[in-house]
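# Survey of secondary and tertiary structure
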Amino acid sequence: MKRIHTLIVGAFFTAATMTSCQRSHDDTGWEFAPNMYNSVGYEPYTQIEKNPINADGKNMREPVAGTVSRRNYQTKFDSASVDLMVYNIGKDDLATAEAVLKNPVPNNEKTLSEGKALYLRYCQHCHGEAGDGAGPVADMYKGVPNYKADAYLNMNDGHIFHVITHGKGRMWPHGSQVTPEERWKIVHYVHKLQKG
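Read on for an overview of the structure.

About the criteria used
Residues numbered from 1 in each chain as written. Predicted model: local features only at pLDDT ≥ 70, side-chain atom pairs only at ≥ 80, totals over all residues. Heavy atoms only, no water. Phe/Tyr/Trp six-rings, centres within 6.5 Å; stacked < 30°, edge-to-face > 60°. Helix = DSSP H or I, 4+ residues; strand = E, 2+ residues; numbered from the N terminus. Buried < 20%, exposed > 50% of the residue type's maximum accessible area, 1.4 Å probe, protein only. 1 Å grid on protein atoms, 1.4 Å probe; cavity = no way out; pocket = protein on both sides within 12 Å on 5 of 7 lines; lining within 4 Å. Points joined across faces, edges and corners; volume = space filled by probe spheres on them. Nonpolar A, V, L, I, M, F, W, Y, C, P; charged D, E, K, R; others polar. Salt bridge = Lys/Arg side-chain N within 4 Å of Asp/Glu carboxyl O. Core = buried A, V, L, I, M, F, W, Y, C linked by side-chain atoms within 4.5 Å. Contact = heavy atoms within 4.5 Å. Polar contact = N/O pair within 3.5 Å; in protein donor to acceptor, adjacent residues only side chain to side chain.

## With respect to the packing of aromatic side chains
As enumerated under the stated definition, the model contains two aromatic pairs in all. Ring geometry for Y119 versus Y189: centroids 5.4 Å apart, planes at 55°, classification tilted. Within this pair, whereas Y119 is found in helix 4 (residues 109-122), its partner Y189 is found in helix 7 (residues 180-195), the two being separated by 70 residues in sequence. What makes Y119 buried here is its relative accessible area of 0%. The class of Y189 is buried, set by a relative accessible area of 7%. Ring centres 4.0 Å apart and planes at 15° place the aromatic pair F161 and W184 in the stacked group.

## Observations concerning the layout of surface pockets
In this structure, the largest pocket spans a volume of roughly 670 Å³. Around the largest pocket, the lining is made up of 28 residues, and of these H127, P145, V163, K168 and M171 lie nearest the centre. For the lining of the largest pocket, the element with the most residues is helix 6 (residues 157-166), which contributes four residues. Per-class residue counts for the lining of the largest pocket are 19 nonpolar, six polar and three charged.

## Notes on the pattern of salt bridges
The tally for this structure, following the rule as stated, stands at three salt bridges. The residue K185 makes a salt bridge to E114 at a minimum N-O spacing of 2.3 Å. Of this pair, K185 sits in helix 7 while E114 sits in helix 4, and the two are 71 residues apart along the sequence. Under the relative-accessibility criterion, K185 is labelled buried at 11%.

## Section: the nonpolar core
Ranked by internal contacts, the top residues of the largest apolar core, which has 20 residues, are L101, Y119, I160, W184, I186, V187 and V190. Of all the secondary-structure elements, those providing two or more residues to this core are helix 4, helix 6 and helix 7. Once residues within four sequence positions are removed from consideration, V187 is found in contact with N103, D157, I160, F161 and I164.

## A few points about helix 6
Taking burial as the measure, the 10 residues of helix 6 include nine buried ones, the bulk of the element. Next to the buried residues of helix 6 lie helix 3 (94-100) and helix 7. Among the residues of helix 6, the N-terminal cap falls to N156, whose side-chain oxygen and the backbone nitrogen of G158 are separated by 3.3 Å. One or two residues past the end of helix 6 sits G167, with phi positive at roughly 80°.

This is the structure we're talking about:
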């Protein structure tokens, strides 16, 4: 009996091996989870039928409350609407930024006080509280510029804004940390530091 059982099991494995070797290489075999292979692709900007996944039936979900549209970041200064978000100048186009960019934020006491607070938060650890390049980080990493040096006195608004946005040399970019409006306020404050 044991021998018959062994022969049956052996014959089954032999038959399984022989039939498995005859399959075409294009045969993928059995699919145990076909939804993993053939998932439904929803296009976010099209709506053909109601989407059963989302509660409201849309393909694309509503933005989180408080989300600011990147292309419609409008700020008003003295009844003039300025789009501060559209900034498509590449990181290697410093000369273009110097020639094209003008500071849209008015230079007044409120702007300077906010610019000072932002400067102290993001810049003074390298550039020093007085803009002289003597911050605590500058002790470790040489080459931090002194804003009052002759070479830096003629930096215009576009230059400073672009360097804050994309960085330069050892300075890392701060565009993801500081909003465009805040960068322009820092620009005003840097000019104040340059004047002494």
